[in-house]
Amino acid sequence: MLHTRLLRLAHYAYGLAAALAAVTLWGWVLDVPRLRDFGAYFHPTPPAVALAFILLAGGFFAAHRARGLSRAAVLACAAAGLLAVLSLVEALGGVALGMRFAFFGAWHRHVPDVMSPAAAMAVLLLALVTPLPREPRLFGLPASSLVAFVTGGVAFFAILGLSLRMLSFDIAAPLLGFSLPGAAATLLASIAIAAARPSPWLVATLTGRSTGAEVTRWLLPAALLLPVAVGWGRLLAERRGLFSEAFGVALFTVLMVAAFSALVLWVARMLDRSAAQRAQAEEQAGEQREWLHVTLSAIGDGVVATDASGRVRFLNAAAQRLTGWRAAEAAG
């Protein structure tokens, strides 16, 4: 059941990534800037990035419809990887290879940028693992999970940097030139790869009853989503002139401190409640074991209890008379 839900999530995520890419392509065709950058006022999404994610999504769906290695999936992902490699060469080597899609400039006087190195590397990594029918391992780790972690982390910090208006995030990662739609599509594709081939850690985190798994399920989504949501809300308020940038930074800091403090207190309360329920369950189990021990000791039939390995754990009085073994001697 869990794997089915995760696979459905993967299909939705890659489908949404392809939809974002298609919207940005239409933004170039119709010359609508808001469709190219989603109103982020930073870098518009290069057409090569949009086309690459449409190809990746097609390769993903083709790979999951086929039972083995799908030729259509390989061709689609190879085309996306080729776009990434050519863009990387053009960006770093200064060689004109047509990855700027300059014909858009003839329509509306704005020549698109080439795919940034960060976006090109993300597309290339996703193109390598998307069409694979089996899960290879790199450095002892599942390749899909490793790629999803790297590309998703890069995309998340790009979105966080854009939401906080901290271009130093772009330089340090380095993520300079990573557009908002491109970062969102990369993050969605990473989620799709991780969900389609879940690692044992992901399955244990989603289904485990341990304290670590429960705390991860409670805290990790808030830690990822809350700063981005509050940051974009702050940006929108500043652009509408509701308050200045200095006040926005102070307000963001206060909100983050208050929100995470409340979250920590809520998690602590939930852990206390869980510990109390566990202690009550252990007490009830102890009472039941004692009652069962007294009952089995008092009956006239011989009872021998063993563990899963066949080692003797309990003999009642009748069993001791029948076997000639005392309970202390037979234990183990």
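Scroll up for the structure.
Note that the structure is a prediction, hence the values are computed from the model and not measured.

The rules behind each value
- Residues take numbers from 1 onward in each chain, read along the sequence in its written order.
- The model is predicted, so local features are restricted to residues of pLDDT at least 70 and side-chain atom pairs to those at 80 or more, both for listing and for counting; the totals for chains, interfaces and linings are taken over all residues.
- With hydrogens and water excluded, all non-hydrogen atoms of the structure serve as input to the side-chain values.
- Cavities and pockets are defined on a 1 Å grid built over the protein atoms alone: a cavity is a set of grid points where a 1.4 Å probe fits but cannot escape, while a pocket is an open set with protein on both sides within 12 Å along at least five of seven lines, and lining residues are those with an atom within 4 Å of any such point.
- Grid points are joined across faces, edges and corners, and a volume is the space filled by probe spheres set on the points.
- Each helix is a run of DSSP H or I of at least 4 residues and each strand a run of E of at least 2, with the numbering of both proceeding from the N terminus.
- Residue polarity is assigned by list, with Asp, Glu, Lys and Arg as charged and Ala, Val, Leu, Ile, Met, Phe, Trp, Tyr, Cys and Pro as nonpolar; anything else, Gly included, falls into the polar class.
- To estimate the expected span of a helix, subtract one from its residue number and multiply by 1.5 Å.
- Buried residues are those whose accessible area, probed at 1.4 Å on protein chains only, stays under 20% of the maximum for their type, while exposed residues exceed 50% and partly exposed ones sit between those limits.
- Residue contacts are counted whenever heavy atoms from the two residues lie within 4.5 Å of one another.
- In what follows, salt bridge is the name for a side-chain nitrogen of Lys or Arg lying within 4 Å of a carboxyl oxygen of Asp or Glu.
- When two rings of Phe, Tyr or Trp (its six-membered ring) have centres within 6.5 Å they constitute a pair, described as stacked for plane angles under 30 degrees, edge-to-face for angles over 60, and tilted for the intermediate range.
- Each ring is checked for a lysine NZ or an arginine CZ that lies within 6 Å of its centre and within 35 degrees of its normal; such an atom marks a charge sitting over the ring.

Digging into the layout of surface pockets
In this approach the atoms are scanned with a rolling probe the size of a water molecule, which exposes any empty space left behind.
Step number 1: Space inside the largest pocket adds up to approximately 1,500 Å³.
Step number 2: Taken together, 37 residues make up the lining of the largest pocket; nearest its centre are Ile 191, Ala 194, Leu 202, Leu 220 and Leu 224.
Step number 3: Only α1 (2–30), β2 (141–142), α7 (143–163), α9 (180–196), α10 (200–207) and α11 (211–239) provide two or more residues apiece to the lining of the largest pocket.
Step number 4: Class assignment for the residues of the lining of the largest pocket results in 29 nonpolar, seven polar and one charged.

Some remarks on helix α6 (residues 117–129)
Step number 1: Taking 1.5 Å of rise per residue, 13 residues should cover 18 Å, and α6 covers 19 Å from first to last C-alpha, within 8% of that figure.
Step number 2: Turning to α6, its buried residues are Ala 118, Ala 119, Ala 120, Ala 122, Val 123, Leu 126, Ala 127 and Val 129.
Step number 3: Where the residues of α6 are buried, they touch α1, α3 (47–65), α4 (71–93), α7 and α9.

With respect to the pattern of salt bridges
Step number 1: According to the stated counting rule, one finds three salt bridges in the structure shown.
Step number 2: A salt bridge links Asp 307 to Arg 313; the nearest nitrogen and oxygen atoms lie 3.0 Å apart.

Side note on the packing of aromatic side chains
Step number 1: For the coordinates displayed, the defined rule picks out three aromatic pairs.
Step number 2: Geometrically, the ring pair formed by Tyr 14 and Phe 60 is tilted, given 4.7 Å between the ring centres and 35 degrees between the ring planes. Here Tyr 14 is found in helix α1, whereas its partner Phe 60 is found in helix α3, with 46 residues between them in sequence.
Step number 3: Aromatic pair Phe 60 and Phe 61: ring centres 5.5 Å apart, planes at 75 degrees, arrangement edge-to-face.
Step number 4: The exposure class assigned to Phe 61 is partly exposed, which follows from its relative accessible area of 23%.
Step number 5: In this structure, Arg 36 is placed above the aromatic ring of Trp 28, and the distance from its NZ or CZ to the ring centre is 4.4 Å.

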